[in-house]
Every structure is written in C-alpha cells, then in structure tokens.
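Structural overview
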Amino acid sequence: IRSRAVARPAARTAAVRPKVVRSVVVRATPEVKEQSVADAIKDAEEACKDGSAGECAAAWDVVEEVSAAKSHKKVADQAKADPLEQFCEGNPDADECRVYDD
C-alpha cells in the first residue's frame, strides 16, 4: 500500500491587517488666491534653500495652487465678459437666452 503524504506549506501566512488610508484635503484660502505667482515662486525657492524637503514640497504646492487659482479666475472672468451672458443673467426669459434640451 502506498501512503500519500500531504505536504505542508513552507511559508506561514501573515495576519492580514487592514490598511489605514489617510487623506489630507487642502483648500486655497483667500489669502493664497491673492498672492502673486512670482511671490509664491520666490517663497518656494527660499524654502528649498533653507528648509527641509517637506517644507520645500509644501512651498511648491502653494505655487501650484496659486497658479491654478489664477488660471481658473481668468477663465471665469472671460466667461463673464461675454455680453450675451451678461444680458441673460438679467433677462433669463428673453428669447436669446432660451436653452433647448434635445
């Protein structure tokens, strides 16, 4: 009679721990939006020269935030510059302002 030996796994399986996910939400404050991009770049360069890598990265994140805020404001200002948009804000029932859904 042949015996069948069942092999045991060589490696132990580690206990599975749930992964902890942490997120950080950063929103631009009005002070950041009013800051110029050139000033933010100057501050970032100084932070990278004098500070740690974390401070440097945070300073360049501020540069990115300021640049994005300026860009979004520019697009919003261009949309408001359209005379028809301005007219329709005051006269939403006018024929020129009707929007038809297909």
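Structure first, text after, so check above.
These remarks concern the structure in this document.

Rules and cut-offs
- The residue numbers shown here count from 1 along each chain, following its written sequence.
- A pLDDT threshold of at least 70 governs which residues receive local features in this predicted model, and a stricter bar of 80 or more applies before side-chain atom pairs are shown or counted, although totals over entire chains, interfaces and linings include all residues.
- Neither water nor hydrogens contribute to the side-chain values; these are computed over all heavy atoms in the structure.
- Secondary structure elements follow DSSP: runs of H or I no shorter than four residues count as helices, runs of E no shorter than two count as strands, and numbering proceeds from the N terminus.
- Between two residues, a contact is recorded if the distance between any of their heavy atoms is within 4.5 Å.
- For our purposes a nonpolar core is just a set of buried Ala, Val, Leu, Ile, Met, Phe, Trp, Tyr and Cys residues, chained together by side-chain atoms within 4.5 Å.
- The buried label applies to any residue whose accessible area, calculated with a 1.4 Å probe on protein chains only, is under 20% of its type's maximum; exposed applies above 50%, and partly exposed to all values in between.
- Criterion for a disulfide: a pair of cysteine sulfur atoms at a distance within 2.5 Å.

Moving on to the environment of Cys97. Structurally, the position occupied by Cys97 is in the segment after α4 (83-90). Along the backbone, Cys97 and Glu85 are 12 residues apart, and their C-alpha atoms lie at a distance of 8.3 Å. When sequence neighbours within four positions are dropped, the list of residues in contact with Cys97 reads Phe87, Cys88, Asn91 and Pro92.

Counting residues in each nonpolar core, the largest one holds six residues, listed as Ala40, Ala44, Ala47, Ala59, Val63 and Val66. Broken down by secondary-structure element, the contributors of at least two residues to this core are α2 (37-50) and α3 (53-80). With residues up to four places along the chain from it excluded, the contact list for Val63 reads Ala40, Ile41 and Ala44.

Turning next to the state of the cysteines. Enumeration according to the criterion identifies two disulfides in this entry. The disulfide bridge from Cys48 ends at Cys56, spanning 1.8 Å between sulfur atoms. Measuring the twist about the S-S bond at about 75°, one finds the Cys48-Cys56 disulfide to be right-handed. We classify Cys48 as partly exposed; its relative accessible area is 30%. What makes Cys56 buried here is its relative accessible area of 18%. Shown here is the disulfide that connects Cys88 with Cys97, its sulfur atoms set 1.9 Å apart. Negative torsions about the S-S bond denote left-handed disulfides, and the value of about -90° found for Cys88 with Cys97 makes this one left-handed. Across the protein, the disulfide pattern expressed with sequentially numbered bonded cysteines is 1-2, 3-4.

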